[in-house]
Number of protein chains: 4
Amino acid sequence: MTLTALNTAATPTHSFPIRVYYEDTDAGGIVYYANYLKFAERARTEMLRDAGFHHTAMMAGDGIMMAVRRVSAEYLKPARLDDALDVTTSVKGLGAATIELDQSIQRGGQELCRVAVTIACVGRDGRPARLPATLRQALSTQIQS
Amino acid sequence: MTLTALNTAATPTHSFPIRVYYEDTDAGGIVYYANYLKFAERARTEMLRDAGFHHTAMMAGDGIMMAVRRVSAEYLKPARLDDALDVTTSVKGLGAATIELDQSIQRGGQELCRVAVTIACVGRDGRPARLPATLRQALSTQIQS
Amino acid sequence: MTLTALNTAATPTHSFPIRVYYEDTDAGGIVYYANYLKFAERARTEMLRDAGFHHTAMMAGDGIMMAVRRVSAEYLKPARLDDALDVTTSVKGLGAATIELDQSIQRGGQELCRVAVTIACVGRDGRPARLPATLRQALSTQIQS
Amino acid sequence: MTLTALNTAATPTHSFPIRVYYEDTDAGGIVYYANYLKFAERARTEMLRDAGFHHTAMMAGDGIMMAVRRVSAEYLKPARLDDALDVTTSVKGLGAATIELDQSIQRGGQELCRVAVTIACVGRDGRPARLPATLRQALSTQIQS
């Protein structure tokens, strides 16, 4: 097994399909710029769900929520009505209370929008809280090198 | 003072201006059908605010929320980007725990969308709660005859 | 084969899964009332797509669009974050230029929201246009008796 | 007249009020992260409108549209239901076909969200188009030093 294969195994990029509906588009005939962030958030949620972490369970169990601290998006090509998109998500870094993710919204392998996001784990009081150890462990196996 | 004037005084229709932005439109070049309901909810909120009732204060004070039970909308003409709209709201009826409103979304006096909505007052447990007496009194002076 | 079975075969109800994300919810902790209409529109779009009709292709080919004329929604129970919903769509009637649909948004077999919608087929000029014969035929086999 | 006063006169920061409604919030009880970008776009649109430039008129007249190329947002404190916000917009730079803006979403003078956005002027074909001279002139008087 090559090193590349090992790396690939160790750093799976999560992939999530999105269909573009009328609600996502605007009068310019393209997806409204803020709505790509909805697509990205759906994909992050599904990445966490696939790893066994649900928003409602984390809130009920650990009293924690994931709050976006910083996001940047680069719009390369517009997505349009009826498009079948794919959102990839990879873990770029983990802090004590933060997760850094790189996300890419693509259509047929072509990148349309690139998103970088920093998420903070916060408690019921809105203050930073340490990432649960189980979540840290699950995500650390996915850090993109 | 004429009867009409009396009626007008007794049954003020609340009016609220809305501007149409890109976020409201879709690839058909018109306002997305579900977004008229956002406009209507903003106008209802402002009608309550003008009468002295704020959502957050009602929740914090009386532990109540306004939940939509039923809505119907008729789309007569499309609203478009940059349109300056006006949303009128009038009280049609009051139940023990419900409010019935008639709303109209207009542009330059022309009706574009007609909305009828029934709102229920619910407690923290989601169960119906009596309308606060002060709210009932404030709204009853506005019942459209 | 019983009559019931025949009817079931003749009147398939389309079903479409929806996951509830943060974007769909509001500060009341439940799905925002207008967003159920987004769910319903996604399901209608997929029903048409499954029958071979895509919005963009209909616009490019026949120069027609589907515009909502009338919608009513009854909110029975709230949907919440992380819920896995199912939206069923059945054809209730067909006019020369209109389609009437009954839709139901459910969670685990329990109905949360009931939607009735009338859609009009309109041309590039926004005026009513006859339903394409192929679409009429596809939908007429699905009329719910 | 002091230099500060001169600078203030020479670099007017546009200000636009926004009210937070249920539609803007999520189940976390705060404004959903993508919705701050809607607030920012409304404020940009009003800044252009105040300078005499309307989206629909620019499209009809010059065949141009404003498309977001890049956006970054930093979330400092959450906005909540019923909040009265203020969005300030200042021109940071002008390219041949691009506008760079700094925006700030505030509540009672406290910054909640900081947005930096690069907008491109594009033609009907989606390709970059030079900023109209009149728009360039109007915005250049607002460049923040």
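Figured I'd write up the structure that's included with this text.

Turning our attention to the overall build of chain A. Secondary structure assignment for chain A yields four helices and five strands. When the helices and strands of chain A are listed from N to C terminus, the series reads α-β-α-α-β-β-β-β-α. Expected size for 145 residues packed as a compact globule is a radius of gyration near 15 Å; at 16 Å, chain A falls within 12% of this value. Along the first, second and third principal axes, the C-alpha atoms of chain A reach 45 × 45 × 20 Å. For chain A, the residues scored as buried account for 52% of the 145 residues in total. As presented, chain A carries roughly 6200 Å² of accessible surface, and 53% of it is formed by carbon and sulfur atoms. Taking the average place of the 16 positive charges on the side chains of chain A and the average place of its 15 negative ones, the gap between the two points comes to 5 Å.

Once that is clear, we can look at the interface of chain A and chain C. Contact with chain A, which involves 17 residues of that partner, is made by 17 residues of chain C. A buried area of about 1800 Å², summed over both sides, lies between chain A and chain C, and 47% of it is on carbon and sulfur atoms. Together, Y21(A), Y22(A) and E23(A) form the three largest contributors to the area buried by chain A at its contact with chain C, with a combined 34%. Connecting chain A to chain C are four salt bridges. Here E23(A) ties to R42(C) by a salt bridge, and the two come within 2.8 Å at their closest N and O atoms. There are eight residue pairs in polar contact (both at pLDDT 80 or more) connecting chain A and chain C. Looking at the side of chain A that touches chain C, the elements with two or more residues in it are strand 1 (14-19), helix 2 (35-50) and helix 3 (55-62) of chain A. The leading source of residues in the side of chain A that touches chain C is helix 2 of chain A, at six residues.

Reports of interface size often rely on the accessible area that becomes lost once the parts have come together. Taken residue by residue, the interface counts 18 residues in chain D and 18 residues in chain A. Carbon and sulfur atoms supply 60% of the area that chain D and chain A bury against each other, a total of about 1700 Å² over both sides. In this assembly, chain D and chain A are joined by zero salt bridges. The interface formed by chain D and chain A contains 10 residue pairs in polar contact (both at pLDDT 80 or more).

With that settled, consider the packing of aromatic side chains. Following the criterion strictly, the structure yields 16 aromatic pairs over all chains and no others. Between the aromatic rings of Y33(A) and Y75(A), the centroid separation amounts to 6.1 Å while the plane-to-plane angle is 55 degrees, which identifies the pairing as tilted. Here Y75(A) lies in strand 2 (residues 64-75) and Y33(A) lies in the loop between strand 1 and helix 2, a separation of 42 residues in the sequence. Note on accessibility: Y33(A) and Y75(A) belong to one class, buried. With 6.2 Å between their ring centres and 65 degrees between their planes, Y36(C) and F39(C) make a pair best called edge-to-face. You can see Y36(C) and its partner F39(C) sitting in helix 2 (residues 35-50), three residues apart, about one turn around the helix. Residue classification places F39(C) among the buried positions, given a relative accessible area of 0%. Here a set of aromatic residues connected by ring pairs shows up, and it is made of Y32(A), Y33(A), Y36(A), F39(A) and Y75(A).

For the match of chain D to chain A, the screw axis carries a shift of 0.0 Å, the RMSD comes to 0.0 Å, and the turn is 180 degrees. Expressed as an axis order, the relation between the two copies is that of a two-fold axis. Closest approach to the rotation axis among the C-alpha atoms of chain D is made by S72(D), whose C-alpha sits 2.0 Å away. Of the residues that chain D buries at the interface, 100% are likewise interface residues in chain A, meaning the two copies contact each other through the same surface.

We now examine the sheet that holds strand 2 (residues 64-75) of chain D. Sheet architecture is open: 10 strands sit in the order 1(A)-3(A)-4(A)-5(A)-2(A)-2(D)-5(D)-4(D)-3(D)-1(D), paired in antiparallel fashion. Only two strands of the sheet have a single partner each, and these edge strands are strand 1 of chain A together with strand 1 (14-19) of chain D. Averaged over all pairs of adjacent strands, the angle between strand axes in this sheet comes to 25 degrees, irrespective of strand direction. Examined bridge by bridge, strand 2 of chain A and strand 2 of chain D share five bridges and lie antiparallel to one another. Bridging across to strand 2 of chain D, S72(A) finds its partner in S72(D). Contacts from helix 2 (residues 35-50) of chain D reach strand 1, strand 2, strand 3 (84-94), strand 4 (98-107) and strand 5 (110-123) of chain D, with the element oriented near 135 degrees to strand 1 of chain D.

Conventions adopted
- Residues numbered from 1 in each chain as written.
- Chains lettered and ligands numbered in written order.
- Predicted model: local features only at pLDDT ≥ 70, side-chain atom pairs only at ≥ 80, totals over all residues.
- Heavy atoms only, no water.
- Helix = DSSP H or I, 4+ residues; strand = E, 2+ residues; numbered from the N terminus.
- Rg over C-alpha atoms; globule rule 2.2 N^0.38 Å.
- Buried < 20%, exposed > 50% of the residue type's maximum accessible area, 1.4 Å probe, protein only.
- Areas by Shrake-Rupley, 256 points an atom, 1.4 Å probe, with all protein chains shown as cover.
- Lys, Arg positive; Asp, Glu negative; His and termini not counted.
- Charge placed at Lys NZ, Arg CZ, Asp CG, Glu CD.
- Contact = heavy atoms within 4.5 Å.
- Buried area = accessible area lost by both parts, 1.4 Å probe.
- Salt bridge = Lys/Arg side-chain N within 4 Å of Asp/Glu carboxyl O.
- Polar contact = N/O pair within 3.5 Å; in protein donor to acceptor, adjacent residues only side chain to side chain.
- Phe/Tyr/Trp six-rings, centres within 6.5 Å; stacked < 30°, edge-to-face > 60°.
- Least-squares fit on C-alpha atoms with pLDDT ≥ 70 in both.
- Pairing = 2+ DSSP bridges.
- Axes fitted to C-alpha atoms, helices over the stretch in contact; angles between N-to-C directions.

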